[in-house]
Amino acid sequence: MASAKNRLAGEDAIAAGRGLDGLNLFVANIQTGFGPFISVYLTTKGWTQTGIGLALSLGTIAAMASQIPAGALVDAIPSKALVALLSILAFTASALLFALWPTPLWVYAAEVLHGFSSCTLGPAIAAMSLAVVGSGLLGPRLGRNARFASIGNGVAAALMGLCGYYVSPQAVFFLTAAMTLPAVASLVPLRRLPDPARMTDPCGTGRPARPRTPLRRLLTNRALLIFAGCAMLFTLGNAALLPLAGNTLTKEAGRLASLLIAGCIIVPQLVVAVISPAVGEFAEQRGRRLVLFIGLCTLPLRGLLFAVMANPAALVLIQALDGIAAACLGILVPLVVSDIAGNTGRYNLSLGFVGLAIGVGATISTSLGGRVADAFGAPVAFASLGAVGLMAALLALWAMPETGGHRPQNALPGDGASEARRSSLHWDRKT
Amino acid sequence: MSANALRAGGLVLLGAIAAAGAGTLAVAQEQPASPAAPVAQPSAEKPKVNPQIPENVEPLPASEATGVLGKKVRGPNGEDLGLIVDVLVDAHGLPRAAVIDFGGFLGVGSRKVAIDWQALNFSPGGRTSTLELSLDRAQIQAAPEYKADSPTAQMVVAPPALSPPDGQK
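Calculation rules
Residues numbered from 1 in each chain as written. Chains lettered and ligands numbered in written order. Predicted model: local features only at pLDDT ≥ 70, side-chain atom pairs only at ≥ 80, totals over all residues. Helix = DSSP H or I, 4+ residues; strand = E, 2+ residues; numbered from the N terminus. Buried ≥ 20, exposed ≤ 12 C-beta atoms within 10 Å, placed from the backbone. Contact = placed C-beta atoms within 7 Å. Pairing = 2+ DSSP bridges. Core = buried A, V, L, I, M, F, W, Y, C linked by C-beta atoms within 7 Å. Nonpolar A, V, L, I, M, F, W, Y, C, P; charged D, E, K, R; others polar. Axes fitted to C-alpha atoms, helices over the stretch in contact; angles between N-to-C directions. Parallel < 35°, antiparallel > 145°, perpendicular 65-115°, else oblique. Left-handed = near helix turned anticlockwise from the far one by under 90°. pLDDT = per-residue confidence, 0-100. Expected span 1.5 Å × (residues − 1). Bend = angle between axes of the 7 residues up to and from the residue.

Let's talk about the overall build of chain A
Then step 1. Counting secondary structure elements, chain A contains 18 helices and 0 strands.
Then step 2. Expressed as a percentage of the 431 residues in chain A, the buried residues total 58%.
Then step 3. Within chain A, counting contacts between residues at least 6 apart in sequence, those at least 24 apart form 83% of the total.

Thoughts on the overall build of chain B
Then step 1. When helices and strands are counted, chain B shows 3 helices and 7 strands.
Then step 2. Along its sequence from the N terminus, chain B presents helices and strands in the succession α-α-β-β-β-β-β-β-α-β.
Then step 3. Relative to its 169 residues, chain B shows a buried fraction of 27%.
Then step 4. Taking the intrachain contacts of chain B between residues at least 6 apart in sequence as the baseline, contacts between residues at least 24 apart amount to 50%.

Details of the pairing of strand β4 (residues 111-116) of chain B
Residues and elements named next belong to chain B.
Then step 1. The sheet contact formed by strand β3 (residues 95-102) and β4 spans 6 bridges and is antiparallel. Paired with F102 across the two strands is R111, which belongs to β4.
Then step 2. Across 2 bridges, β4 lies against strand β7 (residues 155-156) in parallel orientation. Bridged to I115 within β7 is V156.

Considerations on the sheet that holds strand β2 (residues 80-89) of chain B
All names here are of chain B.
Then step 1. Strand order across the open sheet formed by 7 strands is β5-β6-β1-β2-β3-β4-β7, with mixed pairing between neighbours. Only two strands of the sheet have a single neighbouring strand rather than two, namely β5 (120-121) and β7.
Then step 2. Where strand β1 (residues 72-74) meets β2, 3 bridges bridge the pair, whose relative direction is antiparallel. In the strand pairing of β2, V73 is matched with G82.

Here's the deal with the pairing of strand β6 (residues 130-133) of chain B
Residue and element names in this part refer to chain B.
Then step 1. As paired elements, β1 and β6 share 3 bridges and run parallel to each other. Note that in β6 the partner of R74 across the bridge is E132.
Then step 2. Pairing between β5 and β6: 2 bridges, direction antiparallel. Directly across from L120, in β6, lies its bridge partner L133.

Points about the nonpolar core
Then step 1. If you look at the biggest cluster of nonpolar residues, it comprises 142 residues, and the most contacted ones within it are A:M128, A:C230, A:A231, A:A327, A:C328, A:L332 and A:V354.
Then step 2. If one sorts the elements of this core by residue count, helix α14 (residues 312-341) of chain A sits on top with 18 residues.
Then step 3. Aside from chain neighbours lying at most four places away, what touches A:A231 is A:L329, A:V333, A:V354, A:A357 and A:I358.
Then step 4. In terms of nonpolar packing, the next biggest core, distinct from the first, is built from 26 residues, B:L69, B:L83, B:A97 and B:Y146 among them.

Structural notes on the interface of chain A and chain B
Then step 1. Taken together, the contact pairs 31 residues of chain A with 27 residues of chain B.
Then step 2. Contributing elements (two or more residues each) for the side of chain A that touches chain B: α3 (36-44), α4 (49-76), α7 (138-166), α11 (241-252) and α12 (257-286) of chain A.
Then step 3. The leading source of residues in the side of chain A that touches chain B is α11(A), at 7 residues.
Then step 4. Looking at side-chain class alone, the side of chain A that touches chain B contains 13 nonpolar, 15 polar and 3 charged residues.

Here we look at the environment of A:L395
All names here are of chain A.
Then step 1. When you line up the elements, L395 lands in helix α16 (residues 378-399).
Then step 2. Residue L395 is classed as partly exposed on the basis of its 19 C-beta neighbours within 10 Å.
Then step 3. Through-space distance from the C-alpha of L395 to that of L335 is 19 Å; in sequence the pair is 60 residues apart.
Then step 4. Ignoring anything within four residues of it in the chain, the contact list for L395 reads I226, G229, C230 and L233.

Looking at the packing of helix α5 (residues 80-100) of chain A against helix α6 (residues 104-133) of chain A
Residues and elements named next belong to chain A.
Then step 1. Packing of α5 against α6 leaves a shortest axis separation of 8 Å and a crossing angle of 155°. Of the possible angle classes, the one that applies to α5 and α6 is roughly antiparallel. As α5 runs across α6, the sense of the crossing is left-handed.
Then step 2. Partitioning the contact of α5 with α6 into residue classes produces 19 nonpolar, 5 polar and 1 charged.

Digging into the confidence of the model for chain B
For any part of a model where pLDDT is low, the fine detail of the predicted coordinates should not be relied upon.
Residue and element names in this part refer to chain B.
Then step 1. Chain-level statistics for chain B give a pLDDT mean of 69 and a share of 61% at 70 or above.
Then step 2. Averaged pLDDT values for the elements of chain B fall to 43 in helix α1 (residues 2-22) and rise to 90 in β3.
Then step 3. Note that residues 1-44 has pLDDT below 50 and, in this model, 41 contacts with residues that lie over four places away or in other chains.
Then step 4. Interface scoring of the predicted complex returns ipTM 0.70; its pTM is 0.76.

Points about the confidence of the model for chain A
Residues and elements named next belong to chain A.
Then step 1. Here chain A averages 82 in pLDDT, and 86% of its residues register 70 or above.
Then step 2. Of all helices and strands in chain A, the one with the weakest mean pLDDT is helix α18 (residues 427-430) (38), whereas helix α10 (residues 222-238) scores best (93).
Then step 3. Per-residue pLDDT stays below 50 along residues 1-5; that stretch engages in 5 contacts with residues further than four places along the chain or on separate chains.
Then step 4. Counting interchain partners and residues more than four positions distant, the pLDDT-below-50 stretch residues 407-431 has 21 contacts.

Quick look at the environment of A:L219
Then step 1. Mapped onto the elements, A:L219 comes out in helix α9 (residues 215-219).
Then step 2. Once the C-alpha coordinates of A:L219 and A:F353 are considered, the two residues, 134 residues apart in sequence, prove to be 8.3 Å apart.

Side note on helix α15 (residues 347-376) of chain A
All names here are of chain A.
Then step 1. Taking 1.5 Å of rise per residue, the 30 residues of α15 would be expected to cover 44 Å, and the 42 Å separating its terminal C-alpha atoms lies within 8% of that figure.
Then step 2. The largest bend in α15 amounts to roughly 25° and is located at S365.
Then step 3. Once α15 ends, the next one or two residues include G377, with phi positive near 95°.

Some points on the environment of B:G109
Then step 1. Positionally, B:G109 belongs in the loop between β3 and β4.
Then step 2. Using a count of 27 C-beta atoms within 10 Å as the deciding quantity, one classes B:G109 as buried.
Then step 3. Taking the C-alpha atoms as reference, B:G109 lies 15 Å from B:D80; in sequence the two are 29 residues apart.
Then step 4. Each residue touching B:G109, except ones within four places of it in the same chain, is listed here: A:P243, A:G246, A:N247, A:L249, A:T250, A:I261, B:G103 and B:G104.

Let's talk about the packing of helix α13 (residues 288-308) of chain A against α14(A)
Residue and element names in this part refer to chain A.
Then step 1. Interhelical geometry of α13 versus α14 gives an angle of 150° and a closest axis separation of 9 Å. Regarding the angle of α13 to α14, the classification is roughly antiparallel. Seen from above, α13 lies across α14 with left-handed handedness. Of the residues in α14, those in contact with R288, V291, L292, I294, G295, T298, L299, L301, R302, L305 and F306 of α13 are L315, I318, L321, D322, I324, A325, C328, L329, L332, L335, V336 and D339.
Then step 2. Classifying every residue of the contact of α13 with α14 gives 17 nonpolar, 2 polar and 4 charged.

Shown next, in the form of structure tokens:
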């Protein structure tokens with residue numbers, strides 16, 4: 001009864017689910033507008049390479065530095081819909097700044113704004129998903145989130161490619177700003193969601209919400225550290241693969257190169273859209289460890305295939321593996337962190353911690369991949385990035401504990417073994 | 001460290017002179033920023049006619065000189081070959097090569113390639129947003145990537161005018 005009061009029911013729950021669908025769809029649209037394209041855009045505005053490099057580094061640093069503080073901020077604000085609203089409006093402002101005033105001061109401001117809001121929006125969406133469905137059904141919900149996000153990403157990449165080519169690079173940013181309107185509209189059914197940290201135990205056991213777990217205890221949690229390590233190693237091997245593959249295509253694929261690169265971007269999105277709900281369900285049924293291991297194993301395989309395959313069209317097909325990894329990791333990050341820290345009052349901060357690990361991996365990856373490719377050629381770079389992925393998979397295999405398995409049907413009351421396993425992982429519930 | 005420097009001093013000096021002579025000095029990072037600055041600042045200063053022009057200023061119409069950073073480059077068949085991102089000048093400040101950002105999709109997978117300045121065609125009087133290149137896609141795509149920190153850049157040169165590469169324009 002106590003938990004029913006907190007949870008949405010009936011039509012409200014359906015509306016909230018639709019809201020999450022729309023939010024993921026349009027937010028992906030917004031986020032795709034930034035990234036490598038900024039460098040093309042600023043070049044058309046007469047920026048020097050040095051200036052562009054500075055602006056992009058500033059954005060990266062802002063995003064990394066704000067991961068953990070932004071997470072703490074989201075934890076402290078009860079209404080996650082408000083957080084999402086402010087983050088989306090920051091994206092709107094950032095896109096408009098890029099489009100209207102591509103001069104250093106405003107571009108730097110836009111980069112910092114975008115860096116910070118990307119750190120608040122992701123955790124806010126994850127927290128709202130947790131509030132809508134509770135932790136027992138979070139896997140499938142996150143699978144659905146990933147499906148809509150990847151549809152949004154794929155459509156956005158195609159739209160923005162067309163827009164940039166046929167209209168103007170500037171128009172891409174106006175399109176991005178326009179996309180924030182439906183994203184805001186999607187928040188309407190989510191505005192009255194309870195804060196998961198202030199709800200009763202999301203497992204529905206009726207235990208009351210606890211005061212926040214001490215920070216030190218959370219950040220020394222073995223499962224969280226190992227998971228963050230896996231995510232960092234994965235991104236370290238993964239982030240440079242697509243740019244390097246694109247570079248190879250530009251060199252070898254002739255007239256079709258740009259189209260094939262577009263394929264390399266869109267194929268993984270298609271795969272994510274198709275398999276995500278099943279992956280979320282699978283993570284709920286068979287455990288997170290297996291999904292993590294499968295996702296991480298695709299990276300060494302992809303690195304190896306990239307290294308040995310010379311046919312440009314084959315690269316596009318191999319990118320399907322990227323979709324499998326993206327679906328697995330995209331669902332597991334919010335899911336595993338929810339297992340570990342879902343009701344500690346530090347969910348968003350913990351997501352920020354994993355986000356920081358991913359950011360560090362991505363930053364090192366591009367320069368590492370580029371350097372290895374310059375010195376030893378692209379095939380060696382592909383193989384080495386794949387080797388980093390293999391390390392991530394081995395780390396998961398040896399050290400990552402299963403964090404799931406707290407579903408009511410898996411953990412019957414009085415089942416001693418499962419109770420012991422739960423309390424060793426969910427320390428927050430024990431004390 | 002200092003012993004090394006002493007021993008290698010002569011060589012380093014020679015190398016520096018050779019590099020300067022070869023014109024691969026990549027001073028372009030700051031230099032072209034000034035001609036391109038008017039492009040970057042939209043309309044704020046251009047239309048303003050200053051009534052008190054100092055004596056050391058003379059007019060330079062846009063039809064005579066414009067910035068090139070960010071200009072689109074097209075091949076002989078009108079195909080899009082990318083954007084000019086840098087200009088390499090020699091020790092006399094004369095342009096030797098343009099660095100173009102070639103290919104890619106939404107900024108992913110593009111490559112920077114240095115192109116012989118002579119291969120660029122500038123239409124006199126035309127203040128167009130695109131420049132024409134006498135090289136086509138096939139001649140550029142296999143070129144080594146331009147690295148700002150490499151001691152010797154490889155630039156793509158136009159084939160000798162007397163013998164077109166494959167007989168077709």
